[in-house]
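Next come the chains, spelled out residue by residue.
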Amino acid sequence: MSTTTTTTPTLILPSRAPLLTRTGWGAWLAALIVLCALVPVLNLAVPAGSVFHLSDFAVALVAKIMCYAICALAMDLIWGYTGILSLGHGLFFALGGYAMGMYLMRQIGTDGNYKSNLPDFMVFLDWKELPWHWTLSDSFIATLFLVVAVPGLVAFVFGYFAFRSRIKGVYFSIITQAMTFAAMLLFFRNETGFGGNNGFTDFKRILSIPIATPSMRMTLFVMTSVTLLLFFLLGRWLVNAKFGRVLQAVRDAETRVMFSGYNPIGYKLTIWTISAMMCGVAGALYVPQVGIINPSEMSPANSIEIAIWAAVGGRATLIGPIVGAFIVNGAKSWLTVTYPEFWLYFLGALFIGVTRYLPDGVVGLFKKLKGLKGVAK
Amino acid sequence: MSIRIFLALAICFVFGNAHALTPGQAKAIAIGEGDARIEALRAAVAGADDKTVTFIQALSDDAVKVVAGNPVIVKDDKAVDPVSGTETALPDSAEDVMNNNRMRGELDTALASLKLLSTDPAVRLDAVKTLQGEVDESKLPLIDKAFAQETVPDIKDRLGLLRAAALLTSSDKTKRLEAAKLLAESSQAVTKTLLIERLTMEADVQVKAALQFSLSQVESRLAWGDRLGAIFSGISLGSILLLVALGLAITYGLMGVINMAHGELMMIGAYATYVVQGLFQKYAPGAFDWYLVASVPVAFLASALVGAALERGVIRFLYGRPLETLLATWGISLMLMQAVRSLFGAQNVGVENPSWMSGGVQVLGNLSLPYNRLVIVGFALAVLGGVAFLISKTRLGLFVRGVTQNRPIASCMGVNTARIDTYAFALGSGIAGLAGCALSQVGNVGPDLGQGYIVDSFMVVVLGGVGQLAGTVYAALGLGVLNKFLEGWTGAVLAKIAVLVFIIIFIQKRPQGIFAMKGRSAEA
């Protein structure tokens, strides 16, 4: 009998990538300084006539786009990294917005058109007291909780049933579209208690501070910037962790992941819920700055636009969707003013062009050009 | 107005043997205190002749003036004597005859009761409908006379009911009992209101019981009408969904292409119908009724060509990447919508029903099936038959199925798979065009036409299962009927939400739809 020597095989796992590279951290800090220090100074301290003055309009536009960028980031986590295209993220955005909107409606107090304690539309409908789902709307803390919890819960329940029965691919996309469509119909009804097709508007104050002052606007702007930058770090952390690697494996070969002993449901459900919560936060930041929320935010067209922001920037890059949100929405606010009839042609061409010629988006194109330059040297 | 006078003249031929209108009567109707005039009017109606009809019609049209204390009918700036018919010049001193609302109501009722004896069945039917709900015993002799003369069964039935309604106002108890019994046969919604109204006024116990019995009879019959009506509108909606989904069943079900621009291909079909309608109006107004027949192939070809261009230009580069296809076709849909807005404007355009499609069949008292809906149900079935034949019996269908099942082998056998893809996609798009052509007959035609159906039609395909036509048919009709039933119960919006929730739950149980393709793939 011969003795066999067994050597224990050693498995060398790649070490965890750093959250950001040195240059990455540099860029991140630079963005933080620009958004949280430079912009407020240029907007508030520099006088209006100066060349360096940043107009209120520009600040409002950037703030709005940053809210969209958070949605695009959330979309990237679920679509770019997990391969699940959601056409219902507009719903989560709107739910967060409605949760915040309810609080802002209560903050109007008796300053509405009807001088009633109830929101105007309830007086108009001849309601005598707040419906049950408005119970928590007086408290700011509860509102902050609801902004995250409501989209999270809806996403969790929906995702649980969808992923459990292994609905995937285009089926899942279509079902999410049906979900946001159904929710839009529901919110259009006056009886639902969310202001019907007018939604909420005419906000006066937040935390009893008037909402339309320059300093309040700047505070919201800075909060949005910080949220976006932090969510970016959160995204980096998630996709670099083992969790994120399993997500990418699910995207590339879900069956193989299952055969390797992983149950993808938990992973998919977690990232789906996180993504929905991020959208909810974006909605909550969006509503006080834009000053209105109505059911059209839930229209299928809005949700599908989120996907194009991510696709234009470049999927599975995290920075790409943010860039994409800025490119598309920048173009939108410019074109809808200068050539309004041209905007839909542009958007349509963008959908086709990006999917056909730029599968990796602008960031992918940038990387490719850099690579070509490297080869040429 | 001239038409109405003509109508009145047409009626006149019936009254060959009636009493003549006397100058005294004419004067009493036209001039004097309200009550006296109404009295005179009623008396004149009882013994009416052609001149009475003309005179009353003229009164109701405000064409009667008073010249020197005598009423005259004004016709083409001439004063015509209502009795003798002699024409004189109209003096400036002529005074208008004032009719208050009560008098007008009386005039209308009088005209309607006279029209009951018209030779034109449509006029008679109209008259019966006008009289419903405002008859009393005084009209009984006239109604009896009309009833005896009537030959059209439908109008005769209605006259019978009218007679019963008049009898109900009688002071004679036996007559009221008889009327209650007669009314039990009715299946009209007005009878129900009439019975309820009389029930509250009736004092006699026996008559009350008879009325109650009749009411329950009528109500149960009406309920049946409602139920059948809901089923029919469900089938009608289902047939539209079927038309919309049939195209998708080919492009998505067989080819696996998610086409979000499917609704816009329908819109192109509808606009093609609109253009054909315009051409017919301009160049062949005589054949206008047949424009729809001509627009069916035009709509098919227009959408099929656009579909073929899309397949060649965009979709073929995205095969095997369904999510990208979804986004690209969404982009296409945006561009198509904007293109239609640029060409035809953002407003809805008007597409008329041809005359043979307006109107409907009266099945029950409260259930009438509009011809346009019936035509669409038939059209959907015809398209379904055509598609089934094309897919299962023709060479093209064979190739499409072959390419769907195994592309490399089909290619090895010499099938030009790329061309088959284009043909199949064009076919699916063309069917979308046919759906648009059908939709133009029941709904608005505008740039947003397709948007409203896209979610529904994908639901049909998802529910029916991918890969065959039978599931699509069952799913479309099932969803249509379910939707309409829930609509009657909860209202349109909640019904839609309930259906969507139902589909989501259903897919839990059967992720592959009603009819799943059998296979062993772990991905399925």
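Residues numbered from 1 in each chain as written. Chains lettered and ligands numbered in written order. Predicted model: local features only at pLDDT ≥ 70, side-chain atom pairs only at ≥ 80, totals over all residues. Heavy atoms only, no water.

Caption draft 1: Region of interest: the overall build of chain A. Secondary structure assignment for chain A yields 13 helices and four strands. Over its C-alpha trace chain A gives a radius of gyration of 23 Å, about what one expects of a compact globule, namely 21 Å for 377 residues. On the principal axes, the C-alpha backbone points of chain A span a range of 95 × 55 × 40 Å. Buried positions account for 50% of the 377 residues belonging to chain A. Relative to all contacts within chain A whose residues are 6 or more apart in sequence, the contacts with residues 24 or more apart total 77%. Charged side chains of chain A number 27 positive and 15 negative; the gap between the two group centres comes to 16 Å. (Helix = DSSP H or I, 4+ residues; strand = E, 2+ residues; numbered from the N terminus. Rg over C-alpha atoms; globule rule 2.2 N^0.38 Å. Buried < 20%, exposed > 50% of the residue type's maximum accessible area, 1.4 Å probe, protein only. Contact = heavy atoms within 4.5 Å. Lys, Arg positive; Asp, Glu negative; His and termini not counted. Charge placed at Lys NZ, Arg CZ, Asp CG, Glu CD.)

Caption draft 2: Quick peek at the overall build of chain B. Of the regular secondary structure elements, chain B holds 21 helices and seven strands. Taken over 524 residues, chain B has a buried fraction of 48%. The contacts in chain B between residues at least 6 apart in sequence include a share of 71% that link residues at least 24 apart. Summing over all exposed atoms, chain B offers an accessible surface of approximately 24,100 Å²; the carbon and sulfur share of this is 60%. (Areas by Shrake-Rupley, 256 points an atom, 1.4 Å probe, with all protein chains shown as cover.)

Caption draft 3: Local environment of the interface of chain A and chain B. Tallying the contact residues gives 42 residues for chain A and 39 residues for chain B. Approximately 3,800 Å² of surface area, both sides summed, lies buried where chain A meets chain B, with 75% of it carried by carbon and sulfur atoms. Counting every contact that joins chain A to chain B gives one salt bridge. For the pair chain A and chain B, the number of links is seven residue pairs in polar contact (both at pLDDT 80 or more). (Buried area = accessible area lost by both parts, 1.4 Å probe. Salt bridge = Lys/Arg side-chain N within 4 Å of Asp/Glu carboxyl O. Polar contact = N/O pair within 3.5 Å; in protein donor to acceptor, adjacent residues only side chain to side chain.)

Caption draft 4: Focus on the nonpolar core. Ranked by internal contacts, the top residues of the largest apolar core, which has 208 residues, are A:Trp79, A:Phe200, A:Trp272, A:Trp309 and B:Leu326. Top element by residues in this core is helix H2 (residues 56-80) of chain A. It accounts for 15 residues. Here A:Trp79 is in contact with A:Ile84, A:Leu85, A:Ala307, A:Ala310, A:Ala311, A:Arg315, B:Leu323 and B:Leu327, once residues within four sequence places are set aside. Judged by nonpolar contacts, the second largest core, of 31 residues, contains B:Leu117, B:Ala127, B:Leu140 and B:Leu162. (Core = buried A, V, L, I, M, F, W, Y, C linked by side-chain atoms within 4.5 Å.)

Caption draft 5: Seen up close, the state of the cysteines. Scanning all chains against the criterion turns up zero disulfides over all chains. With no disulfide of its own, A:Cys71 has A:Cys279 as its nearest cysteine by sulfur position, at a separation of 3.9 Å. (Disulfide = S-S within 2.5 Å.)

Caption draft 6: Spatial organisation of the packing of helix H3 (residues 89-107) of chain A against helix H5 (residues 140-164) of chain A. Residues and elements named next belong to chain A. Direction vectors running N to C along H3 and H5 enclose 155°, while the axes themselves pass 9 Å from each other. Classed by the angle they form, the pair H3 and H5 counts as roughly antiparallel. Helix-helix and strand crossings are classified by hand; for H3 and H5 the assignment is right-handed. Seen from H3, the contacting residues are Leu91, Phe92, Leu95, Gly96, Ala99, Met100 and Tyr103; seen from H5, they are Phe140, Thr143, Leu146, Val147, Val150, Pro151, Val154 and Ala155. Residues of the contact of H3 with H5, tallied by class, amount to 13 nonpolar, two polar and no charged. (Axes fitted to C-alpha atoms, helices over the stretch in contact; angles between N-to-C directions. Parallel < 35°, antiparallel > 145°, perpendicular 65-115°, else oblique. Left-handed = near helix turned anticlockwise from the far one by under 90°. Nonpolar A, V, L, I, M, F, W, Y, C, P; charged D, E, K, R; others polar.)

Caption draft 7: Looking closely at the confidence of the model for chain B. Residues and elements named next belong to chain B. In the predicted model, chain B carries a mean pLDDT of 79, and 90% of its residues have values of at least 70. Within chain B, no element has a lower average pLDDT than helix H1 (residues 2-12), which sits at 49, and none a higher one than helix H13 (residues 291-313), at 93. Note on the complex model: pTM 0.75, ipTM 0.85. (pLDDT = per-residue confidence, 0-100.)

Caption draft 8: Spatial organisation of the confidence of the model for chain A. For chain A, mean pLDDT is 89; residues scoring 70 or higher make up 97% of the total. For chain A, helix H13 (residues 361-376) of chain A is the element with the lowest average pLDDT, namely 82, and helix H9 (residues 264-290) of chain A is the one with the highest, namely 95.

Caption draft 9: Local environment of the sheet that holds strand S2 (residues 70-75) of chain B. Residues and elements named next belong to chain B. What the five strands build is an open sheet, ordered S4-S3-S2-S1-S5; its pairing is antiparallel. Of all the strands in the sheet, just strand S4 (87-89) and strand S5 (95-96) have a single pairing partner and so form its edges. Pairing of strand S1 (residues 64-67) with S2, which is carried by four bridges, proceeds in the antiparallel orientation. When the bridges of S2 are listed, Val67 appears paired with Asn70. (Pairing = 2+ DSSP bridges.)

Caption draft 10: Region of the structure containing the pattern of salt bridges. Counted by the stated rule, this structure contains 13 salt bridges over all chains. Among the ionic pairs, A:Glu254 bridges to A:Lys268, the shortest N-O distance being 2.7 Å. Residue A:Glu254 is located in helix H8 (residues 242-259), and its partner A:Lys268 is located in helix H9; the two are separated by 14 residues in the primary sequence. Judged by its relative accessible area of 12%, A:Glu254 falls in the buried class. A single network of salt bridges, built from pairs that share partners, joins A:Arg315, B:Arg321 and B:Glu324.

Caption draft 11: Looking closely at helix H20 (residues 469-490) of chain B. Residue and element names in this part refer to chain B. A rise of 1.5 Å per residue sets the reference length of H20, with its 22 residues, at 32 Å; its end C-alpha atoms lie 31 Å apart and thus fit the reference within 8%. Regarding H20, the residues found buried are Leu469, Gly471, Thr472, Val473, Ala475, Ala476, Leu479, Gly480, Asn483 and Leu486. In the core, the buried residues of H20 are packed alongside helix H11 (205-254), helix H15 (371-393), helix H19 (451-464) and helix H21 (492-509). (Expected span 1.5 Å × (residues − 1).)

Caption draft 12: Quick look at unusual backbone geometry. All names here are of chain A. The phi angle at Asp202 is positive, at roughly 65°, despite the residue not being glycine. For Asp202, the location among the structural elements is in the loop between strand S1 (200-201) and strand S2 (205-206). Phi is positive for Ser208, close to 65°, though the residue is something other than glycine. Within the element layout of this structure, Ser208 appears in the loop between S2 and strand S3 (209-210).

Caption draft 13: Region of the structure containing the packing of helix H10 (residues 189-201) of chain B against H11(B). Residue and element names in this part refer to chain B. Two elements in contact, H10 and H11, have axes whose closest approach is 10 Å; the angle formed by their N-to-C orientations is 155°. By the angle class used here, H10 and H11 are roughly antiparallel. For the pair H10 and H11, the crossing hand works out as left-handed. When H10 is examined against H11, the residues Ala189, Thr191, Lys192, Leu195, Ile196, Arg198 and Leu199 are found in contact with a partner set consisting of Lys208, Leu211, Gln212, Ser214, Leu215, Val218, Glu219 and Leu222.

Caption draft 14: A look at the packing of aromatic side chains. One pass over the structure, following the stated rule, counts 33 aromatic pairs over all chains. Aromatic ring contacts, followed pair by pair, group A:Tyr98, A:Phe121, A:Trp134, A:Phe187, A:Phe194 and A:Phe200 into a single cluster. In this arrangement the basic side chain of B:Arg227 is found over the ring face of B:Trp224, its NZ or CZ atom lying 4.8 Å from the centre. (Phe/Tyr/Trp six-rings, centres within 6.5 Å; stacked < 30°, edge-to-face > 60°. Lys NZ or Arg CZ within 6 Å of the ring centre and 35° of its normal.)

Caption draft 15: Quick look at the environment of A:Ala30. Considering the arrangement of structural elements, one finds A:Ala30 in helix H1 (residues 22-45). For the pair A:Ala30 and A:Pro9, spaced 21 residues apart in the sequence, the C-alpha separation amounts to 46 Å.

Caption draft 16: The arrangement of the pairing of S1(B) in detail. Residue and element names in this part refer to chain B. In sequence, S1 turns back onto S2 through a hairpin of two residues, with Ala68 there showing a positive phi of about 50°. Here S1 pairs with S5 via two bridges, running antiparallel. The residue bridging Val66 from the neighbouring strand is Glu95, located in S5.

Caption draft 17: Focus on the environment of B:Gly464. Inspection of the secondary structure puts B:Gly464 in helix H19. A relative accessible area of 0% places B:Gly464 in the buried class.

Caption draft 18: Inspection of helix H16 (residues 395-405) of chain B at higher detail. All names here are of chain B. Here H16 has its buried residues at Gly397, Val400 and Val403. Looking straight down H16, one finds its buried side chains confined to an arc of 130°; they lie on one side. Among the exposed residues of H16, those pointing more than 90 degrees away from its buried face are Arg395 and Gln405. (Arc of directions from axis to C-beta.)

Caption draft 19: Representation of the environment of A:Ala284 within the structure. All names here are of chain A. By secondary structure assignment, the location of Ala284 is in helix H9. Relative accessible area serves as the criterion here: at 7%, Ala284 is assigned to the buried category. As a C-alpha pair, Ala284 and Thr338 span 54 residues in sequence and 30 Å in three-dimensional space. Residues contacting Ala284, with those up to four places away along its chain left out, are Gly96, Gly97, Met100 and Val147.

Caption draft 20: Quick look at a nonpolar patch on the surface. All names here are of chain B. Where nonpolar side chains cluster on the molecular surface, the patch consists of Trp224, Leu228, Ile231, Ile235, Leu477 and Phe485 and spans about 500 Å² of accessible area. Elements supplying a minimum of two residues to the nonpolar patch: H11 and H20. If you tally residues by element for the nonpolar patch, the top one is H11, at four residues. Here Ile231 is to be found in helix H11. (Patch = residues over 30% accessible without salt bridge, like charges linked within 9 Å, V, L, I, M, F, W, Y side chains within 5 Å.)

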